[in-house]
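Here is how the chains run, residue by residue.
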Amino acid sequence: MSNKKIEKLVGKYREISLLGKTEAVLGWDLRVNLPKKGAEGRATQIAHLTEIITEKWLDPEFKKLVEGIDVQGRSLTVEEKAVVRNLRHAGKFYFKVPKEIIVEFSQTSTRATVVWDEARKKDNFKDFLPYLKKLIRLNQIIAEHIGYKDNPYDALLDLYEPGLTSRQCKQIFAKLQPQLTAILKSIQKSKNYREKSDLVEGELDYPKDDQEQLCFFVLRKMGYDLDAGRMDDISPSHPFTSELGRFDVRITNRYNTKDFREGLMVAMHETGHALYEQGVSEDYTDTPLQGGVSLGIHESQSRFWENQIGRSREFMKFLTPIFHAFYPRQLSEVDTDTLFGLFNQVRPSLIRTEADEVTYNLHIALRFELEEALVNSKIEPKDLPEVWRVKMKKYLGVVPETDREGVLQDVHWSQGPMGYFPTYTLGNLYAAQFTEKMKKELNLEELIEKGELGTVLSWLRTNIHQYGSLYWPDELSKKVTGQGLSPKYFLDYLRRKYSKIYSLKLP
Ligand code: MG
């Protein structure tokens, strides 16, 4: 970047980036290694770093540069303009929300994560409630400071997906929900419909070590650079990916010894996130262009590998002999079609992360509605468990018996962000849209069946990963697929795939 002011800006931002990654190490350690009694000290450490980072943002010279640079003229390159745009976007948070609130938010969320983890284990929502109340209140305060047109929830959505509004979310779910429900109902009436399988959650046991080795085999195939990453077991907690540096992108996993699918799908999902970070142009390291552009695009990468690749019949065919080798006692008699059916078993379930592709977005619709209502004070936090049960019954026809399987299942609200969940649905939609385009350029089925995933990764690197945060989601979507986000591709994909599996003509 040759513009002097931009150079100065990027130089100053570098300190923010380095501190942010240091903070990420503390956050990773908090969730992977921290002994219980270390939580309070860790909350103080992280909050202190947050304070220093916020002060760097508020440095008068830095703020003046971010706000003052003229991006209208022709003198700036595309990259330089993107630097300013990204900093102004992040600045909406750092410049407008008082430092004390930012620090309080950080401290509360670190404490809340630890409390939530215990509350979930003990199935005790009451322990978590005071923290949840405080975090909702802080989210409301943050939204007021950032500002919004007609819904405070919009101010929060925009933090994770630039430009996303409640109105857009409502439109997307209004299109998805009735069609997903109709597909689900047809599947439930089909003669192939099964709620259970003897292969999982029964007599058979899949030792954790075998599962872990199989995951390492698959993520190496996907092209995950393990010299610049690692995978840790955090069972039974919520898996995640952390970018701690350009050459340090880590994933976590959890295993269920009664179900060999879960750990594998999580590994592919998280590796999808990690590959995105590992594929960003090295020139962008520690600049505002490093890192995935939004949570929606990030999730498109994880869901692409998990679903479009991992749950495809071609990949099941590739994996069949490998499953036989890893689990000879359990799976030696099982063929590709059975495995394909098993990995794509549709049924209403309680846990979002274990949901199939048809019902997954119904779980998100529920969370979107609850978040939007909480931020707008339309429901009381204490009523959440009950509202959760009512909505589960309405959308999925199942009701959790415990809060552990209900309102306490997700880590997100304890970590602070509200406005994050809808990006999961965007990710599913983008993944299907990108795949459609990829299929026009690659012989995707054949590559997957042969396990030649390097070509697939190269396509993603060329079209998406290398750009980091250069293009915003809508711009990137247009560049890759020729149009902005459309739910059509996802719905078409579901109909094609599940009409085959369940021998149906889907609505
Ligand atoms: Mg994800």
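Just above, that's the structure.
We now turn to the structure provided with this report.

What counts, and where the lines are drawn
- Residues numbered from 1 in each chain as written.
- Predicted model: local features only at pLDDT ≥ 70, side-chain atom pairs only at ≥ 80, totals over all residues.
- Heavy atoms only, no water.
- Salt bridge = Lys/Arg side-chain N within 4 Å of Asp/Glu carboxyl O.
- Helix = DSSP H or I, 4+ residues; strand = E, 2+ residues; numbered from the N terminus.
- Buried < 20%, exposed > 50% of the residue type's maximum accessible area, 1.4 Å probe, protein only.
- Pairing = 2+ DSSP bridges.
- Phe/Tyr/Trp six-rings, centres within 6.5 Å; stacked < 30°, edge-to-face > 60°.
- Lys NZ or Arg CZ within 6 Å of the ring centre and 35° of its normal.
- Axes fitted to C-alpha atoms, helices over the stretch in contact; angles between N-to-C directions.
- Parallel < 35°, antiparallel > 145°, perpendicular 65-115°, else oblique.
- Left-handed = near helix turned anticlockwise from the far one by under 90°.
- Contact = heavy atoms within 4.5 Å.
- Nonpolar A, V, L, I, M, F, W, Y, C, P; charged D, E, K, R; others polar.

Attention now moves to the pattern of salt bridges. Across all of its chains, the model carries 41 salt bridges by this definition. In this structure, the salt-bridge partner of lysine 391 is glutamate 369, at a minimum N-O distance of 2.7 Å. Within this pair, whereas lysine 391 is found in helix H16 (residues 384–396), its partner glutamate 369 is found in helix H15 (residues 360–375), the two being separated by 22 residues in sequence. Across the salt bridge formed by aspartate 403 and arginine 389, the nearest N and O atoms sit 3.4 Å from each other. One end of the pair, aspartate 403, is in the loop between H16 and helix H17 (412–415); the other, arginine 389, is in helix H16, and 14 residues separate them in sequence.

Counting buried positions along strand S3 (residues 248–253) yields five of six residues, so the element is predominantly enclosed. When strand S1 (residues 229–233) meets S3, the two strands line up parallel, connected through five bridges. Of the residues in S3, the one forming a bridge with arginine 230 is arginine 250. Between the antiparallel neighbours strand S2 (residues 241–245) and S3 lie two residues.

A word on unusual backbone geometry. Note that the residue after serine 235, namely proline 236, is joined by a cis bond; omega there is 0 degrees. If you trace the backbone, proline 236 turns up in the loop between S1 and S2. Although it is not a glycine, glutamate 201 adopts a positive phi angle of roughly 55 degrees. Within the secondary structure layout, glutamate 201 lies in the loop between helix H8 (166–189) and helix H9 (208–222). Owing to a relative accessible area of 52%, glutamate 201 belongs among the exposed residues under this scheme. A positive phi angle, near 55 degrees, is found at serine 377, a position not held by glycine.

On inspection of all chains with the given rule, the structure shows 25 aromatic pairs. Taking 5.1 Å as the distance between ring centres and 90 degrees as the angle between the ring planes, the aromatic pair formed by tyrosine 206 and tyrosine 327 counts as edge-to-face. Note that tyrosine 206 is positioned in the loop between H8 and H9 and tyrosine 327 in the loop between helix H12 (313–326) and helix H13 (328–331), a separation of 121 residues in sequence. Summarising the burial analysis for this pair, tyrosine 206 and tyrosine 327 share the class buried. Each ring, one from tyrosine 430 and one from phenylalanine 434, has its centre 5.7 Å from the other, and the planes form 15 degrees; the classification is stacked. Placement of the pair is tyrosine 430 and phenylalanine 434 together in helix H18 (residues 422–441), with a separation of four residues, close to one helical turn. For the pair shown, tyrosine 430 and phenylalanine 434 are each scored as buried. Lying over the aromatic face of tryptophan 28, arginine 250 brings its terminal NZ or CZ to 4.4 Å of the ring centre.

For any two helices packed against each other, the geometry comes down to the angle between their axes and how far apart the axes lie. In contact at an axis separation of 8 Å, helix H7 (residues 152–160) and H15 are set at 125 degrees when each is read in the N-to-C sense. With respect to H15, the axis of H7 lies oblique. Judged by the twist between their axes, the crossing of H7 over H15 is right-handed. On H15, the residues that touch Pro152, Tyr153 and Leu156 of H7 are Phe368, Glu371, Glu372 and Val375. Of the residues belonging to the contact of H7 with H15, the class tally is five nonpolar, no polar and two charged.

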